[in-house]
Amino acid sequence: MPTPIYLDYAATTPVDTRVIERMVAHMSVDGDFGNPASRSHAFGWQAEEAVEAARVQIAEAINADPREIVWTSGATESDNLALKGAAFEASRRHLITSSIEHKAVLDCCGFLQQQGFEVTYLTPDAWGRTSAEQVREALREDTLMVSIMHVNNELGTANDLRSIGEVCRSNGVLFHTDAAQGFGKLPLDVEAMYIDLLSLSAHKIYGPKGIGALYVRRSQGLQLAPQMHGGGHEMGMRSGTLPAQQIVGLGAAAQLMVEHMDSEHAQLSALRQRFLSHVRQIPDTVVHTHPEQHVPGIVNVGFAGVDGETLLLALPGLAVSSGSACTSASVEPSFVLRGLGIADDLAHSSLRFSFGRFTDAAEIDSAAQQLATTVGRLRGS
Ligand SMILES: *Cc1c(COP(=O)(O)O)cnc(C)c1O
């Protein structure tokens, strides 16, 4: 069987070879393999220099100060550190989030509820957007934090972070955003958007798995309770030997994203148009992704009357998913689609197509063709 066409870039991306080249230089005996925390010799200093250069790359990508970047193992850990780390240092007991956040945020909220915190879950609109007005209405005297994602991983729909951030800042409430899907793809500016905490991950932007970062605003005097105890690395917020090769990979991947943001956005938008023009010819299809406010590389489509799992099985030539990789083990319809008020049967018949840097027009055409044929066959027409 030929290799399927990879249309699951929202689950993870291949590592760009330019990124791999940078990483390899920090591993073997003839490279800079030192421990960045070794202060007594050149091996350590060189590794530290590479880590600090990457910190500058991440900071510049979001208009932050390098001292505000904390390395983590990925966006899941960044979300945990942001939510639990802030909650356990605070006297306020109330958090606001949305019902379609990534599980890393939702499960932290569930855990915090068990610890006596109160959480308001906002219901987004039909496209998956949460408004600043909804946030404003949910604010309480004891609200500590608002956590609203940048781009939803199942839908590709993007929130207006600036307007939400403005409400948070003017009410003295912390604003966290999980930007794993939007970082490097849409402009992000922690100053202009009033962001206090921001989670990001390397493996969604052609970097390696197992590395991410949390932006932590300094001027808020924000102290996060560490979730990992040890040597006191990363200003005491995240202990553990810094994986220099992973960090260098994240920095290089981020720099490539920022450098080529406009051209890559245009290239992916063209592929999206191409894909949608094919898909719209299939009767009774519904696009769940917001028509304008989105990352171009994710489209969520429902095929009425066709079961999504059956469709997946009937499409061995396509590597796609019926939701996020994290929930695809369950047979429940996607909680994200349900959270938009979409009926169970349509939610069940929806697939997420996500493409990226290495997708070409021929793959899009072939994928759309396979879809049209298979949906038609399953509908018995
Ligand atoms: C992928 C993803 C995560 C998890 O990131 P990891 O680095 O794999 O832990 C969190 N949030 C969103 C929105 C994601 O897309």
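Below: a short report on this structure. Remember, predicted model here, so these are calculated numbers, not experimental data. Numbers given to residues run from 1 along each chain, matching the order in which its sequence is written. Where totals are concerned, whole chains, interfaces and linings use all residues; where local detail is concerned, this predicted model gives features only for residues with pLDDT of at least 70, and gives and counts side-chain atom pairs only at 80 or more. Think of the side-chain values as coming from all heavy atoms in the structure, minus any hydrogens and water.

Moving on: the site of the ligand. What surrounds the ligand is the set Gly74, Ala75, Thr76, His102, Met149, Asn153, Asp178, Ala180, Gln181, Ser201, His203 and Lys204. Between the ligand and Asp178 there is a distance of 2.6 Å, counted from a nitrogen atom to a side-chain nitrogen or oxygen. For the accessible areas, the method is Shrake-Rupley and the probe is 1.4 Å, while residue cover comes only from the protein chains on display. Coverage of the ligand by the protein amounts to 87% of the 380 Å² it exposes when considered alone. When residues are grouped by polarity, Ala, Val, Leu, Ile, Met, Phe, Trp, Tyr, Cys and Pro land in nonpolar, Asp, Glu, Lys and Arg in charged, and all others, Gly among them, in polar. Across the shell around the ligand, the residue classes break down as 3 nonpolar, 7 polar and 2 charged. Here, proximity means that at least one heavy atom of the residue falls within 4 Å of the molecule or strand. A 3.5 Å cut-off defines polar contacts: any pair of N or O atoms within that distance qualifies, except that in protein one atom must be a possible hydrogen donor and the other a possible acceptor, and neighbouring residues in sequence count only when both atoms are side-chain atoms.

Right, let's talk about the nonpolar core for a bit. Each nonpolar core is a collection of buried residues, namely Ala, Val, Leu, Ile, Met, Phe, Trp, Tyr and Cys, held together in the definition by side-chain atoms within 4.5 Å. Each residue is placed in one exposure class: buried if its accessible area under a 1.4 Å probe, protein chains only, is under 20% of its type's maximum, exposed if it is over 50%, and partly exposed if it falls in between. Counting 49 residues, the largest nonpolar core has Trp71 and Val146 as its most contacted members. By the criteria applied, helices consist of DSSP H or I runs no shorter than four residues and strands consist of E runs no shorter than two, each listed in order from the N terminus. Going through the elements one at a time, α1 (17-24), α2 (42-62), β2 (69-72), α5 (132-138), α6 (161-170), β7 (197-201), β8 (212-216) and α7 (244-259) are the ones with two or more residues in this core. Broken down by element, this core gets its largest block of residues, 8 residues, from α7. In this analysis, two residues are considered to be in contact whenever any of their non-hydrogen atoms come within 4.5 Å of each other. Not counting residues within four places of it along the chain, the set of residues in contact with Val146 comprises Ile96, Val135, Leu139, Ile164, Cys168, Val173, Leu174, Phe175 and His176.

Further remarks concern the pattern of salt bridges. The working definition used for a salt bridge is a side-chain nitrogen of Lys or Arg within 4 Å of a carboxyl oxygen of Asp or Glu. All told, the structure shown has 18 salt bridges when counted by the stated rule. Measuring nitrogen to oxygen at the nearest pair gives 2.8 Å for the salt bridge that ties Arg357 to Asp16. Here Arg357 is found in the loop between β12 (350-354) and α12 (361-378), whereas its partner Asp16 is found in the loop between β1 (5-6) and α1, with 341 residues between them in sequence. Of the two residues, Arg357 and Asp16, neither departs from the other in class, the shared state being buried. Arg217 serves as the salt-bridge partner of Glu191, at 3.2 Å between the closest nitrogen and oxygen. Residue Glu191 is located in the loop between β6 (174-178) and β7, and its partner Arg217 is located in the loop between β8 and α7; the two are separated by 26 residues in the primary sequence. You can call Glu191 partly exposed: its relative accessible area is 38%.

This paragraph deals with the environment of Phe111. The topology assignment puts Phe111 in helix α4 (residues 103-114). Spatially, the C-alpha atoms of Phe111 and Ile58 are 30 Å apart, while their sequence positions differ by 53 residues. In this structure Phe111 touches Lys84 and Phe88, once residues within four positions along its chain are discounted.

Take the residue count of a helix, subtract one, and multiply by 1.5 Å to get its expected span. For α4, which comprises 12 residues, the first-to-last C-alpha distance of 16 Å matches the rise-based estimate of 16 Å (1.5 Å per residue) to within 8%. The complete set of buried residues in α4 reads Ala104, Val105, Leu106, Cys108, Cys109 and Leu112. On its buried face, α4 sits against α3 (75-87), β3 (94-98), β4 (118-122), β5 (143-147), β6 and α10 (335-339). One or two steps after α4, the chain reaches Gly116, where phi turns positive at roughly 100°.

Here the focus is unusual backbone geometry. Most peptide bonds adopt trans geometry, and most residues besides glycine take a negative phi value. Despite not being glycine, Asn63 shows a phi value in the positive range, around 60°. Residue position: Asn63 is located in the loop between α2 and β2. Overall, the relative accessible area of 39% leaves Asn63 in the partly exposed class. Of note, Tyr206 is a non-glycine position whose phi angle comes to about 65°, a positive value.

This part takes up the sheet that holds β4. Only strands joined by at least two bridges in the DSSP assignment are considered to pair. Spatially, the 7 strands line up as an open sheet ordered β2-β8-β7-β6-β5-β3-β4, and their pairing is mixed. Each of the sheet's edge strands pairs with one partner strand only, and the pair in question is β2 and β4. Taking each pair of neighbouring strands and ignoring which way they run, the sheet shows an average axis angle of 20°. By the bridge criterion, 4 bridges tie β2 to β8 in an arrangement that is antiparallel. Residue pairing in the sheet places Val70 in a bridge with Leu214 of β8. Only C-alpha atoms enter the line fits that serve as axes; for helices the fit covers just the stretch in contact. Angles between N-to-C directions range over 0 to 180 degrees. α4 rests against β3, β4, β5 and β6 of the sheet, and its axis sits at about 145° to β4.

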